[in-house]
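Chain residues, written in single-letter form:
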Amino acid sequence: MIVAFVEHDGGRTDRSSLEALTLARRLAERSGEPLEALLVGDGAEAAGRQLGDHGVSTAHLVGDPRLADYSPAAWGRVLAQLVASRGADLVLAAGTDRGHEVVAHAAAFSGHAMAANCVEVEPGEPFRLTRQRWAGSLLEDATLDGPVRFLTIAEHVVEPEQAAGAVAVRLETIEPEVVEADLRSRVVARVEPEAGTISLADARVVVGGGRGVGSSEGFAELEELAGLLGAAIGVSRVVTSAGWRPHSMQVGQTGTRIAPDLYIACGISGAIQHIVGCKAAKAILVVNTDREAPIMSRASYAVIGDLHTVVPAISAEIRRVTGR
Ligand code: FAD
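The structure displayed is predicted, hence computed values, not measured ones.

Asks: What is the right way to read the overall build of the protein from this model?
Replies: Secondary structure summary: the protein contains eight helices and 16 strands in total. Principal-axis analysis of the C-alpha atoms places the extent of the protein at approximately 60 × 40 × 40 Å. Counting every position in the protein, which comprises 324 residues, the buried fraction comes to 48%. If you take every contact in the protein between residues at least 6 apart in sequence, the share linking residues at least 24 apart comes to 65%. Carbon and sulfur atoms provide 50% of the accessible area of the protein, an area that totals close to 15,300 Å². Distance between charge centres in the protein, computed from 30 positive and 41 negative side chains, equals 3 Å.

Asks: Help me understand the packing of aromatic side chains in this model?
Replies: For any two aromatic rings, the description comes down to two numbers: the centre-to-centre distance and the angle of the planes. Counted by the stated rule, this structure contains two aromatic pairs. Taking 6.2 Å as the distance between ring centres and 65° as the angle between the ring planes, the aromatic pair formed by Phe-5 and Trp-75 counts as edge-to-face. Here the residue Phe-5 occupies a position in strand β1 (residues 2–5), and Trp-75 occupies one in helix α3 (residues 72–86), the gap between them amounting to 70 residues. Among the residues examined, Phe-5 registers a relative accessible area of 3% and is labelled buried. A residue is classified by how much of its surface remains accessible, and Trp-75, at 4% relative accessible area, is buried. Through pairs of rings, three or more aromatic residues link up here, namely Phe-5, Tyr-70 and Trp-75. Its guanidinium or amino end placed over the ring of Tyr-70, Arg-98 lies 4.0 Å from that ring's centre, counting from NZ or CZ.

Asks: Before we go on, may I ask you to explain the packing of helix α5 (residues 219–229) against helix α8 (residues 307–322) in this structure?
Replies: In a pair of packed helices, the angle between the axes and the distance between the axes together describe the arrangement. Close contact between α5 and α8 brings their axes to 9 Å; oriented N to C, the two are set at 25°. Put simply, α5 runs roughly parallel to α8. You can see that α5 and α8 cross each other, and the crossing is left-handed. Contacts from Glu-221, Leu-222, Glu-224, Leu-225, Leu-228 and Leu-229 of α5 reach α8 at Leu-307, His-308, Val-311, Pro-312, Ile-314, Ser-315, Ile-318 and Arg-319.

Asks: Got a minute to help me understand the sheet that holds strand β4 (residues 35–39) in this structure?
Replies: Pairing between sheet strands relies on hydrogen bonds along the backbone, with the strands arranged either parallel or antiparallel. Taken together, nine strands build an open sheet; the order of strands is β9-β8-β7-β10-β6-β1-β4-β5-β11 and the sheet is mixed. On the outer flanks of this sheet lie β9 (138–144) and β11 (170–174), each paired with one strand and no other. Neighbouring strand axes in the sheet, compared pairwise and without regard to direction, differ in orientation by 35° on average. Relative to β9, strand β8 (residues 127–133) runs antiparallel, the two being bridged by seven bridges. By the bridge assignment for β9, Phe-127 is matched with Leu-144. In the packing of helix α1 (residues 15–31) onto the sheet, the strands contacted are β1, β4, β6 (90–94), β7 (114–122) and β10 (149–153), and the crossing angle to β6 comes to about 155°. Set on the sheet, helix α4 (residues 97–110) makes contact with β1, β6, β7 and β10; between it and β10 the angle comes to about 175°.

Asks: It is not clear to me how the packing of α3 against α4 should be interpreted in this structure. Could you clarify?
Replies: In contact at an axis separation of 7 Å, α3 and α4 are set at 55° when each is read in the N-to-C sense. Between α3 and α4, the crossing angle belongs to the class labelled oblique. Judged by the twist between their axes, the crossing of α3 over α4 is right-handed. Side by side, α3 and α4 meet where Pro-72, Ala-73, Trp-75, Gly-76, Arg-77, Leu-79 and Ala-80 of the first sit next to Arg-98, Glu-101, Val-102, Val-103, His-105, Ala-106, Phe-109 and Ser-110 of the second. Residue classes in the contact of α3 with α4 are distributed as nine nonpolar, three polar and three charged.

Asks: For this particular structure, what's the right way to read the domain arrangement of the protein?
Replies: Accessible area lost when the parts come together is the quantity often used to give the size of an interface. Taken domain by domain, the protein consists of domain 1 (2–183) and domain 2 (205–322). Domain 1 and domain 2 are separated by 33 Å when their C-alpha centres are compared. Every contact between the two is made by six residues of domain 1 and, on the other side, eight residues of domain 2. For the domain 1 and domain 2 pair, buried surface summed over both sides reaches about 550 Å², with 55% attributable to carbon and sulfur atoms. Interface area lost by domain 1 to domain 2 is led by Ala-135, Glu-155 and His-156, which between them contribute 69%. Inspection of the domain 1/domain 2 interface yields zero salt bridges. Taken together, the connections running from domain 1 to domain 2 amount to one residue pair in polar contact (both at pLDDT 80 or more). Class assignment of the residues belonging to the side of domain 1 that touches domain 2 gives a composition of one nonpolar, four polar and one charged.

About the cut-offs
- Residues numbered from 1 in each chain as written.
- Predicted model: local features only at pLDDT ≥ 70, side-chain atom pairs only at ≥ 80, totals over all residues.
- Heavy atoms only, no water.
- Helix = DSSP H or I, 4+ residues; strand = E, 2+ residues; numbered from the N terminus.
- Buried < 20%, exposed > 50% of the residue type's maximum accessible area, 1.4 Å probe, protein only.
- Contact = heavy atoms within 4.5 Å.
- Areas by Shrake-Rupley, 256 points an atom, 1.4 Å probe, with all protein chains shown as cover.
- Lys, Arg positive; Asp, Glu negative; His and termini not counted.
- Charge placed at Lys NZ, Arg CZ, Asp CG, Glu CD.
- Phe/Tyr/Trp six-rings, centres within 6.5 Å; stacked < 30°, edge-to-face > 60°.
- Lys NZ or Arg CZ within 6 Å of the ring centre and 35° of its normal.
- Axes fitted to C-alpha atoms, helices over the stretch in contact; angles between N-to-C directions.
- Parallel < 35°, antiparallel > 145°, perpendicular 65-115°, else oblique.
- Left-handed = near helix turned anticlockwise from the far one by under 90°.
- Pairing = 2+ DSSP bridges.
- Nonpolar A, V, L, I, M, F, W, Y, C, P; charged D, E, K, R; others polar.
- Domains from an automatic or database assignment.
- Buried area = accessible area lost by both parts, 1.4 Å probe.
- Salt bridge = Lys/Arg side-chain N within 4 Å of Asp/Glu carboxyl O.
- Polar contact = N/O pair within 3.5 Å; in protein donor to acceptor, adjacent residues only side chain to side chain.

If you want it as structure tokens, here you go:
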């Protein structure tokens, strides 16, 4: 039996979890094993109802209000208890911060091994997998031992896909044993993004700005372009370190990994830690004064020039063509 830990935002399943579920379903179809899911937090029931489309036969929902908010050890404990009670031999989750934390805790509580950021999985004896190391700049072939395998699936390596035919998903509310000590880390405050903000992780177009933007105020031109394109703003770490924009906008190894149709990278040199966050973009348009900048090797298109000239010119052309 395969168990997937599924993340959702108030009832809407996260794209990264749908990617991991797609891989989990393919493995379940190959082995003939059932695929079940664990969902925790407000909206778990609404998200669970949709999982029949992804081959999930049973969605286990956690009703305990103490677990409604994220708490890594406590959620990991629930996953470990479910894995033991259902006799699962394979556990998958998305390779997100939360997925890694919950699965790592569950594996530790269960006393079994875990492999993070897998890109390919070949079950059997030995159980083979390929996983990303060094923020995705290296791929490692490995085998994973033990009667229960815990995995996270690297983001943006599997295209989410529904099952050919939906199955009827059974919703089961579970009452896990909550260990008070596990609730040590818990959510104490929440900062909501401004209304109308487009999520960086899900955006189809991202306008990125780096040190070359020059200042916090310099982003006005990028924001204008983003507004015209319905795009999200992404930034390099230099920008967040300088306090020009918040960390929630950072793209990269220690920020968000994006997979838009188009990434417009303005004044960004293309350090490896930035590239690992944007390499899943289908196309990259680079705007940079330096034709030798490392990001040029990733560019689908490039404009060599000052972004403070090029970006307003793109916006002006969009306004001219669309009449906005
Ligand atoms: P620079 O490297 O300084 O590049 C600025 C670019 O702007 C240059 O190519 C320049 O030619 C161009 N430019 C200048 N003026 C203009 C202009 N007027 N018009 C057009 N182009 C112009 N970085 C991340 O981004 N994300 C991460 O998640 C991340 N994680 C890290 C984790 C670790 C452990 C470490 C050590 C580093 C990490 N970094 C990360 C930092 C990373 O190594 C780089 O320092 C950073 O990405 C560089 O940012 P930048 O491209 O904006 O700046």
